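A structural walkthrough
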Protein chains: 2
Amino acid sequence: MDLKNNLRTETGWEIVEKSFDPDQLVTTGSNFMIGNGYLGYRGTFENWGPEEFVACVVTDTWDQAEGSRWSELCNVPNGLFTEIALDGETCSLFSGSLGEYHHALDLRHGINTRMMTWEGPHGKRLEFESRKFASADNHHLLVQQLRLRAMDDAILDLKTGILGEVWSLNGEHFKSHRPATLEGGLIGLILKTGELETKIAMAEGVRLGGKAPSETFEKISGRSIFRHFRFELKKGQQVVLEKVVGITHSNEMMFPLQTACDEVREATEKGFESLLLDHGKNWDTFWELSDIRIEGNLEAQVLTRFNLYQAYIATPTHANLPVGARGLSCQVYQGAAFWDQETYNLPMYAFTHTDIARRLVAYRFDTLSGARRKAEKLGYYGAFYAWTSGKTGDELFPDFFFTDVLTGRPIRNHFNCWQIHISPDVVYGIWLYYQATGDWEFILGQGAEVLFEVAQFLASRVHFKKDKNRYEIIRVLGPDEYHENVDNNAFTNYLSRFSLQKACRVFDRMQQESPERLQALLSKTGIAPGARKDWEEIAELMYLPEPDPKSHIIEQFDGYFGLEEIRPEALRKRLIDPDEYWGWPNGIAVHTQVLKQADVIQLLAMLDGFPQEVLTANYEFYEPRTEHGSSLSPSVHALVASRAKHPEEAYRYFMESATIDLYNASKKVMSGGSFLGGIHTAAAGGVWLIIVKGFAGFSLTDDGAAFEPALPETWESFCFTLRVRGCLLEVTLGRKGIRIRNREDSPQQIHVSLAGKGTWLEPGQVLQD
Amino acid sequence: MDLKNNLRTETGWEIVEKSFDPDQLVTTGSNFMIGNGYLGYRGTFENWGPEEFVACVVTDTWDQAEGSRWSELCNVPNGLFTEIALDGETCSLFSGSLGEYHHALDLRHGINTRMMTWEGPHGKRLEFESRKFASADNHHLLVQQLRLRAMDDAILDLKTGILGEVWSLNGEHFKSHRPATLEGGLIGLILKTGELETKIAMAEGVRLGGKAPSETFEKISGRSIFRHFRFELKKGQQVVLEKVVGITHSNEMMFPLQTACDEVREATEKGFESLLLDHGKNWDTFWELSDIRIEGNLEAQVLTRFNLYQAYIATPTHANLPVGARGLSCQVYQGAAFWDQETYNLPMYAFTHTDIARRLVAYRFDTLSGARRKAEKLGYYGAFYAWTSGKTGDELFPDFFFTDVLTGRPIRNHFNCWQIHISPDVVYGIWLYYQATGDWEFILGQGAEVLFEVAQFLASRVHFKKDKNRYEIIRVLGPDEYHENVDNNAFTNYLSRFSLQKACRVFDRMQQESPERLQALLSKTGIAPGARKDWEEIAELMYLPEPDPKSHIIEQFDGYFGLEEIRPEALRKRLIDPDEYWGWPNGIAVHTQVLKQADVIQLLAMLDGFPQEVLTANYEFYEPRTEHGSSLSPSVHALVASRAKHPEEAYRYFMESATIDLYNASKKVMSGGSFLGGIHTAAAGGVWLIIVKGFAGFSLTDDGAAFEPALPETWESFCFTLRVRGCLLEVTLGRKGIRIRNREDSPQQIHVSLAGKGTWLEPGQVLQD
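Residues numbered from 1 in each chain as written. Chains lettered and ligands numbered in written order. Predicted model: local features only at pLDDT ≥ 70, side-chain atom pairs only at ≥ 80, totals over all residues. Heavy atoms only, no water.

1. Let's talk about the overall build of chain A
Looking only at helices and strands, chain A has 19 helices and 34 strands in total. Over its C-alpha atoms chain A spans a radius of gyration of 27 Å, differing by no more than 12% from the 27 Å that the globule rule assigns to 769 residues. Seen along its three principal axes, the alpha-carbon backbone of chain A occupies a region of about 90 × 60 × 60 Å. For chain A, with 769 residues in total, the buried portion stands at 65%. Summarising the internal contacts of chain A: among those between residues at least 6 apart in sequence, 66% fall at separations of at least 24. Summed over its atoms, the accessible surface of chain A is roughly 26,400 Å², and 48% of this surface lies on carbon and sulfur atoms. Taking the 78 positively charged and 104 negatively charged side chains of chain A as two groups, their mean positions are separated by 1 Å. (Helix = DSSP H or I, 4+ residues; strand = E, 2+ residues; numbered from the N terminus. Rg over C-alpha atoms; globule rule 2.2 N^0.38 Å. Buried < 20%, exposed > 50% of the residue type's maximum accessible area, 1.4 Å probe, protein only. Contact = heavy atoms within 4.5 Å. Areas by Shrake-Rupley, 256 points an atom, 1.4 Å probe, with all protein chains shown as cover. Lys, Arg positive; Asp, Glu negative; His and termini not counted. Charge placed at Lys NZ, Arg CZ, Asp CG, Glu CD.)

2. Observations regarding the relation of the copies chain B and chain A
Mapping chain B onto chain A leaves a residual RMSD of 0.1 Å; the transformation is a rotation of 180° accompanied by 0.1 Å of translation along its axis. Both copies of the chain, as the preceding transformation shows, are related through a two-fold rotation axis. Rotation axis and chain B: the residue whose C-alpha lies nearest the axis is Phe464 of chain B, separated from it by 2.5 Å. A symmetric contact is evident, with 100% of the interface residues of chain B recurring at the interface of chain A. (Least-squares fit on C-alpha atoms with pLDDT ≥ 70 in both.)

3. A look at helix H17 (residues 633-643) of chain B
All names here are of chain B. Summarising burial for H17: eleven of the eleven residues are buried, a large majority. For H17, the complete set of buried residues consists of Ser633, Pro634, Ser635, Val636, His637, Ala638, Leu639, Val640, Ala641, Ser642 and Arg643. Turning to H17, the residues buried within the fold contact helix H5 (340-350), helix H15 (599-606), helix H16 (612-622), helix H18 (647-658), helix H19 (681-695) and strand E27 (699-700).

4. So, the packing of helix H5 (residues 340-350) of chain A against helix H9 (residues 422-437) of chain A
All names here are of chain A. In the contact formed by H5 and H9, the axes pass within 10 Å of each other and the chain directions differ by 10°. The angle between H5 and H9 falls in the class roughly parallel. Facing Glu342, Leu346, Pro347 and Ala350 of H5, the residues of H9 in contact are Asp425, Val426, Gly429, Leu432, Tyr433, Ala436 and Thr437. In terms of residue class, the contact of H5 with H9 is made up of seven nonpolar, two polar and two charged. (Axes fitted to C-alpha atoms, helices over the stretch in contact; angles between N-to-C directions. Parallel < 35°, antiparallel > 145°, perpendicular 65-115°, else oblique. Nonpolar A, V, L, I, M, F, W, Y, C, P; charged D, E, K, R; others polar.)

5. What to know about the packing of H5 of chain A against helix H19 (residues 681-695) of chain A
All names here are of chain A. Where H5 meets H19, the axes come as close as 8 Å, and the angle between the chain directions of the two elements is 45°. On the basis of the axis angle, H5 is oblique to H19. Our pair here, H5 against H19, has a crossing hand that is left-handed. Touching Asp340, Thr343, Tyr344, Asn345, Pro347 and Met348 of H5 are Thr681, Ala682, Gly685, Gly686, Trp688 and Leu689, all from H19. Classifying every residue of the contact of H5 with H19 gives six nonpolar, five polar and one charged. (Left-handed = near helix turned anticlockwise from the far one by under 90°.)

6. Focus: the sheet that holds strand E7 (residues 78-86) of chain B
Residue and element names in this part refer to chain B. What the five strands build is an open sheet, ordered E8-E7-E13-E18-E17; its pairing is antiparallel. Two strands close off the open sheet at either side, each with one partner strand: strand E8 (89-90) and strand E17 (215-221). Sheet topology places E7 next to strand E13 (residues 154-163); seven bridges connect them, and they run antiparallel. Bridge pairing links Glu83 to Lys159 in E13. (Pairing = 2+ DSSP bridges.)

7. Points about the environment of Glu197 of chain B
Residues and elements named next belong to chain B. For Glu197, the position within the fold is in the loop between strand E15 (186-193) and strand E16 (199-210). Judged by its relative accessible area of 41%, Glu197 falls in the partly exposed class. For the pair Glu197 and Phe133, spaced 64 residues apart in sequence, the C-alpha to C-alpha distance is 29 Å. Apart from residues no more than four positions distant in its own chain, Glu197 is found in contact with Asp63, Lys175 and Lys192.

8. Considering the pairing of strand E14 (residues 174-182) of chain A
As paired elements, E14 of chain A and strand E15 (residues 186-193) of chain A share eight bridges and run antiparallel to each other. Paired with Pro179 of chain A across the bridge in E15 of chain A is Leu189 of chain A.

9. Here's the deal with the nonpolar core
Grouped together as the largest cluster of nonpolar side chains are 452 residues, with contacts concentrated most on Phe452, Phe654 and Phe707 of chain A together with Phe452, Phe654 and Phe707 of chain B. Non-local contacts of Phe654 of chain B, meaning those with residues more than four positions away in its chain, are made with Ala300, Thr304, Ala638, Val687, Ile690, Ile691, Phe695 and Trp715 of chain B. (Core = buried A, V, L, I, M, F, W, Y, C linked by side-chain atoms within 4.5 Å.)

10. Structural notes on the pattern of salt bridges
Evaluated as defined, the whole model comprises 100 salt bridges over all chains. A salt bridge links Arg567 of chain A to Glu565 of chain A, with the shortest nitrogen-to-oxygen separation between them at 3.8 Å. Among the salt bridges present, the one from Asp152 of chain B reaches Arg125 of chain B, with a minimum N-O distance of 3.1 Å. Residue Asp152 of chain B is found in the loop between strand E12 (141-150) and E13, and its partner Arg125 of chain B is found in strand E11 (residues 125-134); the two are separated by 27 residues along the sequence. Looking at Asp152 of chain B, the relative accessible area reads 17%, which means it is buried. Through salt bridges that share partners, Glu288, Glu730, Arg741, Arg743, Glu744 and Asp745 of chain A make up one connected network. (Salt bridge = Lys/Arg side-chain N within 4 Å of Asp/Glu carboxyl O.)

11. A word on empty space enclosed by the protein
Going through the model one piece at a time under the given rule, you end up with 13 cavities of 30 Å³ or more. By volume, the largest cavity amounts to about 310 Å³. Surrounding the largest cavity, 27 residues form its lining, Asp404 and Asn586 of chain A together with Asp404, Thr407 and Asn586 of chain B being those nearest its centre. Split by residue class, the lining of the largest cavity holds twelve nonpolar, nine polar and six charged. (1 Å grid on protein atoms, 1.4 Å probe; cavity = no way out; pocket = protein on both sides within 12 Å on 5 of 7 lines; lining within 4 Å. Points joined across faces, edges and corners; volume = space filled by probe spheres on them.)

12. Re the sheet that holds strand E4 (residues 39-41) of chain B
Residues and elements named next belong to chain B. Within the open sheet, the four strands sit side by side as E3-E4-E5-E6. Their pairing is antiparallel. Each of the sheet's edge strands pairs with one partner strand only, and the pair in question is strand E3 (34-35) and strand E6 (71-75). Relative to strand E5 (residues 56-64), E4 runs antiparallel, the two being bridged by three bridges. Residue pairing in the sheet places Leu39 in a bridge with Val58 of E5.

13. Focus on the interface of chain B and chain A
The interface of chain B with chain A comprises 37 residues on the first partner and 37 residues on the second. Carbon and sulfur atoms make up 45% of the area that chain B and chain A hide from each other, which totals about 2,700 Å². It is Arg409, Arg475 and Asn586 of chain B in chain B that bury the most area against chain A; as a group they hold 23% of the surface buried on that side. Scanning the region where chain B abuts chain A turns up six salt bridges. A salt bridge links Arg475 of chain A to Asp487 of chain B; the nearest nitrogen and oxygen atoms lie 2.7 Å apart. Applying the counting rule to chain B against chain A returns 22 residue pairs in polar contact (both at pLDDT 80 or more). Of all elements in the fold, only strand E22 (410-412), helix H10 (440-461), strand E23 (463-465) and strand E24 (470-472) of chain B reach the threshold of two or more residues within the side of chain B that touches chain A. Looking at the side of chain B that touches chain A, its residues break down into 17 nonpolar, seven polar and 13 charged. (Buried area = accessible area lost by both parts, 1.4 Å probe. Polar contact = N/O pair within 3.5 Å; in protein donor to acceptor, adjacent residues only side chain to side chain.)

14. Remarks on the state of the cysteines
Throughout the structure, instances matching the rule amount to zero disulfides over all chains. Lacking any disulfide linkage, Cys261 of chain A is separated from the closest cysteine sulfur, that of Cys56 of chain A, by 17 Å. Here Cys417 of chain A stays free of any disulfide, with the sulfur of Cys417 of chain B as its closest cysteine sulfur at 20 Å. We classify Cys417 of chain A as buried; its relative accessible area is 10%. (Disulfide = S-S within 2.5 Å.)

15. A short note on the side chain of Arg643 of chain A
All names here are of chain A. Note on placement: Arg643 falls in helix H17 (residues 633-643). On the basis of relative accessibility, which here comes to 17%, the residue Arg643 falls in the buried class. Sequence-distant contacts of Arg643, that is, excluding residues within four places in its chain, are made with Asp608, Gln612, Leu615, Lys693, Gly697, Phe698 and Ser699.

16. A short note on unusual backbone geometry
Trp584 of chain A connects to Pro585 of chain A through a cis peptide bond whose omega is 0°. By the secondary structure assignment, Pro585 of chain A is in the loop between helix H14 (568-572) and helix H15 (599-606). The backbone phi angle of Asn469 of chain A is positive, close to 50°, even though this residue is not glycine. Along the chain, the position of Asn469 of chain A falls in the loop between strand E23 (463-465) and strand E24 (470-472). Its identity as a non-glycine residue notwithstanding, Tyr333 of chain B has a phi of 60°, on the positive side. By the element assignment, Tyr333 of chain B lies in the loop between helix H4 (298-313) and H5.

17. Looking at the confidence of the model for chain A
Averaged over every residue, the pLDDT of chain A is 96; the share at 70 or more is 99%. Here the predicted complex scores 0.93 on pTM and 0.90 on ipTM. (pLDDT = per-residue confidence, 0-100.)

18. As for the environment of Ala755 of chain A
All names here are of chain A. Within the element layout of this structure, Ala755 appears in the loop between strand E32 (750-754) and strand E33 (757-761). It is 56 Å that separates the C-alpha atoms of Ala755 and Glu204, two residues lying 551 residues apart in sequence. Here Ala755 is in contact with Phe707 and Glu708, once residues within four sequence places are set aside.

Here it is in structure tokens:
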């Protein structure tokens, strides 16, 4: 079926670009990208360069370019570069003429395919077919097969290798480039980063099939190294080029070049089809638990899979590393984790691939020292997590981030120092993981330390108002970043109390069950045993903006109701420049009720237990005030709208969230000089939240799971798998009935509640309604 | 002697404009103004109007013009308007030619005098002489004598009366104007303000001398009413016109028009010379205690008297009303009191004319309800005084005050809600008055209530940090307004503790001496008796940024030392527009150490007892970082420089402060569209502070007064009178010796300490050194 934005799908497992649209280089590059959580490779054409936003972003390569204001991941040279000339004319999407054109992304197996026929200005024609993937079996490898068939007699020149020129957002990351020919017929490029001197090694091996070349040589050209092949082809003859590129670096291993060479040599020998087979098996394993099958709406089906695909390839599964806010689709947001990781990306793994979820929460444990350093630097103690968190957990967000487009002056954004909800969010993530898995051993070994240190941070951050006998949290930003410098932000206060309560709970259980481990942890962290009493007192006396008894509305922060009431559409007219930032210090939204995203909605989406009338009243109050300046906003709106009995709005927001990247046909990619492309990873994860927590109304219970389904009107049914405390639940919610099965391979019975009625399911047992 | 800015003085008792300079209309109008604390009348020419900034600002007439963002005093029509025509040619400073020109302000008796000879384009000449004063004997009256002598045969036409067209800064204040001829030969104008419907009455009477008119009639012309006289003069003949204008309003009395008419009729009959005599006596009384005589430096002498003059005419002595930040010289700053009143204007009265001082502190008692309303509105209790305080003490400062000149957007300034030091400043003033006078009865009847309510406000404003066992004051502006939104501002925290301690002290003395009055006060205010314990605890545990043990520097607020270190001169280069505001939200000073005025210097100027090394170290640290964007800044710098043993800098800052108005030759009067003229009343009062607290090193002691003189190099001696707890001390500090005399009319002995050595002086006794 045809989709928007020049796309189509046949099976719901692939997206196809119907024809080449040069105006959509940026979006197509992101949407058709391949990746494996270690590297992301954009869906660009073989001979493109920096101007066309070719990128291969590699995680764990944070480095600060000279003159840049922050660390970011490196974009490494393009090892899949190939230039094709037919009788001397370069084959390009921008010259000659395209006959057939087919560009597709296979979501099931993560393969980018491009097929076309091309006719040069001289009338000679070529059939071109490329398949490439970022190996899910060996994360260092990019693998490609290129098939070129002459449709006329012609000389075919191939220049293939590693293009050293790199599109880098904030300056040059490499202080040295060493292209070289390597043993065993490989070519390579060894790079060293400017700040931290990380060594990045690239090796490339090829295997040729079809007509043999008449001429072959290798050539270093500046920062690049290429292989040159000449083929004298008769009409119908073809050449098959298989390329394997290995990318390794010294942050992961001692001898990156050696490893890259060994792995590339081995893989090249194995050959494309065999590599593809191993790769595909890994993807099958992913989809087995993660697929959401939708009957009756192919568009929703492909959108959902597209978002799950993008969320997955953004997630490092090979190491405890962050999920970047733009994944590995480009360098925007520095390849670093924000609070999105816990709130938008973790849930789908916590209830499916818990090994991946564990990596994500373990990452927060690994970065505890950075969070401690940040707290100390700002005059607190405990763990204040980085707003923008890379390898070490030190704060990567600069003091001055935005630039005032009206004056050219840098803006002091306080995301790094006032947006303290990040620490409770980390606790929220750990608790979610623990609740979903029951992995107490993780809490004992890692989680408890995070919980305690966050509690300590909160204890050093709160203020006690004696006259009101309550604790307050002063001067924060909630998720709604248009309002900096606010007090008693509902989201922050609720989550902080949540955080303190969980710390107390873990403390108490440890005291009871593992007093020696508690003792050891307190000794290690230097936390006084009496601290627990403080946490409890703060939690108990924490001021929580309550729902108003009459209107049921929770005030987003002290004084919010007193701000100017205006709708986002009307407010927008006050812009002087369309690229203006709406928030701090003097953006148009600051003194109004207009929100970037709604904190209270976010709160209702995250914490269960608010009564129906509170859900509904707050949704109805905040929704019209929300500008959705954040890509995180539509998915929680969809989720809460669904629970607030606004199914049409829920579906509208679902579509908005699910199409943020795929249907974004905007040609405008620069705002105030900034590249704005790239995949919105949180929105991608948000699609899972909408469907499972929103449409299926899933929530955890003490003994299992509860569902309050609200099937979208255009869907016949949807079906997904959840792993809840070890049990695998297959859930099918449809117009014709509901079916929940505790899979045979589940280790125990589980309690399932459906629209309020509960039952226990033994392994293999099915609840049918 | 010649002074700067086209001025001269002969005796040190007058300033003379040497020639007419049309570029200085604004400054001359302010500097040569007359006034009596009820009304201020600018030193403008008789036939000028709104374009030449003619103004007669009357206190207690606050009203908000339609479309204006704030209340301000009304500028009333010009009752001293006179247009002179000589043979049909209008006598003007801008046409014809001036012969002799002499424009003077008699500081001793508050008389504005203008004499000139004028030759019209037709060659006919006129001798013109005007003397006018704002009666110090009857504050409703403006009195003028105009003498016109023909130097050639000519017809002289006089059009004299009340010009209804008014220069008003922020819109039209009068919704009705009723010009009328009144009984007894008077003419008048009755006005009603738009917002509060205050009735303002003006009556004018004239008396003619010299040649009688050949023609006389009255005529209403729009909003104005004029008398027309024609004189047929021979060379040498003269006309003397005496005018008395009475201005009254319904905020002071029930029947303003009646009163104005009665008073004007009576005064007109009395005649100019007699009125002048009564007026002059009042001025003699003022100077008897308030003059500071300086030998050896006539310029310093006249500057000092000019500033004392301006400070005095800005001070309402007829009622408990505020001293405006620009006095009554124009409508800028709304004729309202700021913290300047207590810190810059009160001291000179507290130690001289204590009846005036008492009015000023009583004004704060009178406005307690407004301060209570403000506290309540902002979620506190007790008394949060208005940043900008008019009649009722309700906050007159708008949320949005400045406009961003780069974007045209209003700026949310937080002077009204975050600059909380105003409340402790009010206590400081009351305590100063009480210490200077010993007027315990005032404390019992009025002061205690203010002190208690401010203590209550502070108790509701502070935050307790349990982890640090201290009270903090979060999110304030100190006097340095370039840094809004700061925590633990040294000035604010020290003054708040001061304030709480004084409340406890008064509470305790009342409990001991007047328990029933304490009880009555607690009942009246609803303050629980236990509140005193809270005040004490907060005072004791108040976090005070201490002098660093090594450098002795007090950090202005949390994190100040970490701001960018740059000097004001260098910072200025970052301005995009010269009119930009340097402070909140994103002005050039915000993220730097550059100060508008130095809070710590201000603190050292106000609270005694800091060791010498702290004075010196902080002066040397903060002085180069201070931009002096406030006119309040130079005087405290002079004072502290003098005490910090930097006599040259002290004198430089003295001259800067003393000449802010008089030597301000700037032609630029509009900034971002705002009128910036007018007298800097705080700087005027600051001159007294510099000389008495700085150069004489005066401070109060438990039993009297202490002096640590630092005579300016160019002065032979200076001499002033202080009233300290009823005793009158005549202090002469000179190169040839020091002489301190407890005047015969003092009621008791007093202890006087000179450079550390103390002695008791009986009435009439002299300390000579």
